Amino acid sequence: MPYDPNNIFARILRGEIPCKKVHEDEHALAFHDINPQAPTHILVIPKGAYVSHDDFSAKASDAEIAGFVRAVGQVARAAGVAETGYRILANHGRDSHQEVPHFHIHIFGGRDLKGMIPKA
Ligand code: AMP
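Here we summarise the structure given alongside this text. (Residues numbered from 1 in each chain as written. Predicted model: local features only at pLDDT ≥ 70, side-chain atom pairs only at ≥ 80, totals over all residues. Heavy atoms only, no water.)

On to the site of the ligand. If you check the shell around the ligand, you find 16 residues, and the closest are Asp33, Asn91, Glu99, His104 and His106. Glu99 is positioned such that a nitrogen or oxygen atom in its backbone is 2.7 Å from an oxygen atom of the ligand. A distance of 2.9 Å separates an oxygen atom of the ligand from a polar atom in the backbone of Val100. Within the complex, 87% of the 510 Å² of free accessible area of the ligand lies under protein. When contributions to the shell around the ligand are tallied by element, the ones reaching two or more residues are helix 1 (8-13) and strand 2 (28-32). Looking at the shell around the ligand, the element that brings in the most residues is helix 1, giving 3 residues. The residue inventory of the shell around the ligand, partitioned by class, reads 7 nonpolar, 7 polar and 2 charged. (Near = heavy atom within 4 Å. Polar contact = N/O pair within 3.5 Å; in protein donor to acceptor, adjacent residues only side chain to side chain. Areas by Shrake-Rupley, 256 points an atom, 1.4 Å probe, with all protein chains shown as cover. Helix = DSSP H or I, 4+ residues; strand = E, 2+ residues; numbered from the N terminus. Nonpolar A, V, L, I, M, F, W, Y, C, P; charged D, E, K, R; others polar.)

Here we come to unusual backbone geometry. With a phi close to 60 degrees, His97 is a non-glycine residue in the positive phi region. If you trace the backbone, His97 turns up in the loop between strand 4 (86-89) and strand 5 (105-109). Phi is positive for Lys114, which is not a glycine, with a value near 60 degrees. Summarising the element assignment, Lys114 is placed in the segment after strand 5. The class for Lys114 is exposed, based on a relative accessible area of 64%. (Buried < 20%, exposed > 50% of the residue type's maximum accessible area, 1.4 Å probe, protein only.)

Its place among the elements puts Asn7 in the segment before helix 1. Among the polar contacts made by the side chain of Asn7, one reaches the main-chain amide nitrogen of Phe9 at a distance of 2.9 Å. Excluding residues that lie within four positions of it along the chain, Asn7 makes contacts with Val100, Pro101 and His102. (Contact = heavy atoms within 4.5 Å.)

A full pass over the atoms with the stated rule returns 5 aromatic pairs. Note on Tyr50 and Phe56: the rings are 5.2 Å apart at their centroids and 75 degrees apart in plane angle, and the pair reads as edge-to-face. Given the relative accessible area of 10%, Tyr50 is considered buried. (Phe/Tyr/Trp six-rings, centres within 6.5 Å; stacked < 30°, edge-to-face > 60°.)

Sheet strands line up and pair through hydrogen bonds in the backbone, either parallel or antiparallel. Across the sheet, 5 strands lie side by side as 1-2-3-5-4; this open sheet has antiparallel pairing. Two strands bound the open sheet, and with one partner strand each, they are strand 1 (21-24) and strand 4. For this sheet, the mean angle separating the axes of adjacent strands, direction not counted, is 20 degrees. Here strand 4 runs beside strand 5; their pairing, made up of 4 bridges, is antiparallel. Each residue of the ladder has a partner; that of Tyr86, found in strand 5, is Gly109. (Pairing = 2+ DSSP bridges. Axes fitted to C-alpha atoms, helices over the stretch in contact; angles between N-to-C directions.)

Right, here's the structure in full:
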């Protein structure tokens, strides 16, 4: 799937629409999910134009990957969920029901997150 430069997270990165920012650095931006599924539900996105983890892992530079992975950990620790535990999740493509075609990691925490995924 080609990258759509008008997807909503690209527009957030360009400052065209607002977000509740919690972190920003050279490689990553993190903000609260607009429809939280847990007391802590933060999205971390790379600044580069990547559709999903599949795209990011194939094309991003080592510096982008390292910076992004470190940002996810930093954001989780700063959100206060590292002690009690949290889940990170990234959807890719149809079967995952990915909604926004800009790579993002969800950080969920702040309650017992129960089972891994819903049963079929
Ligand atoms: P996914 O299904 O993995 O693509 O998840 C997309 C996530 O983006 C969903 O959890 C949405 O609630 C969230 N989302 C969509 N639009 C916005 C927005 N403008 N600001 C923050 N989160 C958003």
